[in-house]
Amino acid sequence: MADMELSSLGLDRRRVLLGGAAVLASPFLLTRRAFAAEGGSPLPLPPLVDADGSQPVTLTARAGNHAFVPGTRTPTLGYELDYLGPTLRVRRGRSANIDVVNRADDQITAHWHGAHVSGNMDGGPQTAFDPGQSSAARFDVHHPAATLWYHSHVHGKTGPQVYHGLAGFLLVEDPAVPHGLPSDYGVNDLPLVVQDRSFDSAGRLVYDISGMALMGGFLGDTICVNGAVTPVADVPRGLVRLRLLNGSNARFYDFAFADGRRFHQVASDGGLLPAPVARSHIALAPAERAEIVVDFSADTAPVHLVSAGIAQGGMMGGGMMGGNAGSGGAIEIMTFAPGTAPATGPATLPASLPAPPMDFGAPVRTRDFRLDMHAGSMIGSMFSRLIGSSGSIMGINGKSYDMGRIDAELRAGETELWRISAPMMTHPFHVHGTSFQVVSRGGQRVDPATEGLKDVVVVDGRGAEILVRVDQQADAATPFMLHCHILEHEDAGMMAQFTVA
Ligand code: C2O
Ligand code: CU
Ligand code: CU
């Protein structure tokens, strides 16, 4: 296993080239095998595409070859691009107009993760479609300004498809509600999808989910941001908004800057916070997003974004990088190289932000969801998994996902209290079609002003409670999903589905 192979490697210091001058990189770099030895190439910027015009934009899923480090060719998947997809921008009050085309060699979807759309437009597993076919995504944008994303969602294949590249950003803007944040895409407003990947000696992506990698989720040994290994981004000397997306299949991060600087969080999964929140680090589980604003105005030297190595899921050792956490290490994510010119965007952060309302009201009913790692007989099904048959060990409330079974029926507009428990390890729990309010997490009450609207909540052994209200409809043919966003767990059946009428 890749994790084992690298577990004996330690930290090293090495040089990266920045603007022609050799500078000493931070000590937070991990030695990697030859293929991915050199990070430090420029941060790729996905093209920004308006997807709410009168003509549909085309989003074609296809195979490609992508250079994670310069000069290499790795077989990948992407939407329009060789790896990942363009940043689609839609504006509130308009309609998304996207034709998703399948030129891959297997079924795909494009699920609009976090978007408030009806079940038939959600891109869930029931809407998977074959190579050569296309699917029209037409939906009114009700969502407040937010950093959402899209990814393929074919049951049993989401893990490998996202791993190979079928994911991208979906940004919602609300032209009627000014916020005063840096918004110059690619200049002082950067989308950053952080993913861990593993490569073999020929540069091919490795996706091995046998044994423990199935239990804890797949962990790669190399950090990529926007498809480049630990890249460098040129930034203006001023305030820069970073839209962080944990697009990893299973890895949890706790992002911070190597110099310990503080920054401000301005948005979470579902939109803006009521006011910027000062932080020195921010934890993101798979599929979670946060927008942060960092002040580079006084910087003349490179600034390193790192992550504390986190014990994976509270259960497994976590492989190389998680294991490294035990010794207090951090892992390098990417570097920011402040330019010589001052920024042209806003010089100060607004004191308050136009956050979407959290008007859930009192819940009319309560539901319980238990995230199980032993639906059916754990030992028996683990054994069948090990010998190659498809026995499942993952489920919710004792049942593995079944596309033919509706697990819950909701009524549109009614607020419910959901109590989620996770007896075995920590899971990121996600609900389609809406944003929710976290009431408690990890045994603590949560302050909605610092948490914001969410569509993923981290559930550990102490459970989590959320207030959920879904305003969009979903019928039994195209229900909404609720699931663990560790993609290996989802693919193995830790998913359920619900209708909204
Ligand atoms: Cu990110 Cu069910 O999705
Ligand atoms: Cu989703
Ligand atoms: Cu899980």
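What you are looking at is a predicted structure, and each value in this text was computed from that prediction instead of being measured.

Visitor: In this structure, what is going on with the side chain of Asn102? I would like to understand it.
Guide: Tracing the backbone shows Asn102 in strand E9 (residues 95-103). With a relative accessible area of 0%, Asn102 lands in the buried category. Within the structure, Asn102 has its side chain in polar contact with the backbone oxygen of Asp106 (distance 2.9 Å). Each residue touching Asn102, except ones within four places of it in the same chain, is listed here: Ala61, Gln107, Ile108, Phe129, Asp130, Pro131, Gly132 and Gln133.

Visitor: Looking at this structure, how should I read the coordination of the copper ion (ligand 2)?
Guide: Ligation of the copper ion (ligand 2) by protein atoms is provided by His111 (NE2) and His430 (NE2), these donors lying 1.9 Å from the ion. Taken together, the residues His111 in strand E10 (residues 111-113) and His430 in strand E30 (residues 427-431) connect sequence positions 319 residues apart. By relative accessible area, His111 is classed as buried at 0%.

Visitor: Would you explain the coordination of the copper ion (ligand 3) in this entry?
Guide: By definition of the ideal shapes, a tetrahedral metal site with four donors has angles of 109.5 degrees and an octahedral site with six donors has angles of 90 or 180 degrees. Looking at the metal site, the copper ion (ligand 3) is ligated by His427 (ND1), Cys484 (SG) and His489 (ND1), spaced 1.9 to 2.1 Å from it. As a motif over one chain, the donors of the copper ion (ligand 3) read H-x56-C-x4-H. Linking His427 in strand E30 with His489 in helix H7 (residues 487-491), this pair joins segments that are 62 residues apart in sequence. Accessibility classification places His427 together with His489 in one group, the buried group.

Visitor: Sorry if this is basic, but what is going on with the environment of Phe498 here?
Guide: One can find Phe498 in strand E36 (residues 495-500). Accessibility expressed as a relative area gives 0% for Phe498, which makes it buried. Between the C-alpha atoms of Phe498 and Pro479, which are 19 residues apart in sequence, the distance is 5.4 Å. If we skip the residues at most four places from it in the chain, Phe498 touches Ile406, Ala408, Leu410, Trp418, Val431, His432, Val470, Ala474, Pro479, Phe480, Met481 and Leu482.

Visitor: Could you clarify how one ought to interpret the sheet that holds strand E22 (residues 281-284) in this entry?
Guide: Read from one edge to the other, the open sheet built from 5 strands follows the order E17-E25-E24-E19-E22, with strand pairing classed as mixed. Taken across any chain shown, the strands that pair with only one partner, and hence form the sheet edges, are strand E17 (232-237) and E22. Neighbour-to-neighbour, the strand axes of the sheet open up by a mean angle of 30 degrees, direction not taken into account.

Visitor: How should the layout of surface pockets be read in this particular structure?
Guide: By rolling a water-sized probe across the atoms, one finds the places where empty space is left. The computed volume of the second largest pocket comes to approximately 300 Å³. In terms of lining, the second largest pocket is formed by 15 residues, of which the most central are His116, Asp359, Leu453, Arg469 and Asp471. Viewed by domain, the lining of the second largest pocket spans two of them, domain 1 (48-173) and domain 3 (365-500), each represented by three or more residues.

Visitor: Teacher, can you tell me more about the nonpolar core here?
Guide: Nonpolar side chains tend to gather and get buried jointly when the protein is soluble and globular. Formed by 39 residues in total, the largest nonpolar core has its most connected members in Trp418, Phe429, Val457, Ile466, Leu482 and Phe498. Residue contributions to this core reach at least three from each of two domains, namely domain 2 (189-342) and domain 3 (365-500). If near-sequence neighbours (up to four positions away) are discounted, Ile466 is found in contact with Glu416, Leu417, Trp418, Ile420, Phe429, Val431, Phe436, Gln437, Val438, Val439 and Val457. Residues Val90, Val117, Tyr150 and Val172 belong to the second largest nonpolar core, which totals 28 residues.

Visitor: Just checking my understanding: could you explain the pairing of strand E26 (residues 365-372) for this structure?
Guide: Along any regular strand, the residues point their side chains to alternate faces of the sheet. Here E26 pairs with strand E29 (residues 416-421) via 6 bridges, running parallel. Within the sheet, the bridge partner assigned to Phe369 lies in E29 and is Ile420. As paired elements, E26 and strand E27 (residues 395-396) share 2 bridges and run antiparallel to each other. Bridge pairing links Asp372 to Gly395 in E27.

Procedures and definitions
Residues numbered from 1 in each chain as written. Chains lettered and ligands numbered in written order. Predicted model: local features only at pLDDT ≥ 70, side-chain atom pairs only at ≥ 80, totals over all residues. Heavy atoms only, no water. Helix = DSSP H or I, 4+ residues; strand = E, 2+ residues; numbered from the N terminus. Buried < 20%, exposed > 50% of the residue type's maximum accessible area, 1.4 Å probe, protein only. Polar contact = N/O pair within 3.5 Å; in protein donor to acceptor, adjacent residues only side chain to side chain. Contact = heavy atoms within 4.5 Å. Donors = N, O, S within 2.8 Å, 3.2 Å for Na, K, Ca; no water. Pairing = 2+ DSSP bridges. Axes fitted to C-alpha atoms, helices over the stretch in contact; angles between N-to-C directions. 1 Å grid on protein atoms, 1.4 Å probe; cavity = no way out; pocket = protein on both sides within 12 Å on 5 of 7 lines; lining within 4 Å. Points joined across faces, edges and corners; volume = space filled by probe spheres on them. Domains from an automatic or database assignment. Core = buried A, V, L, I, M, F, W, Y, C linked by side-chain atoms within 4.5 Å.

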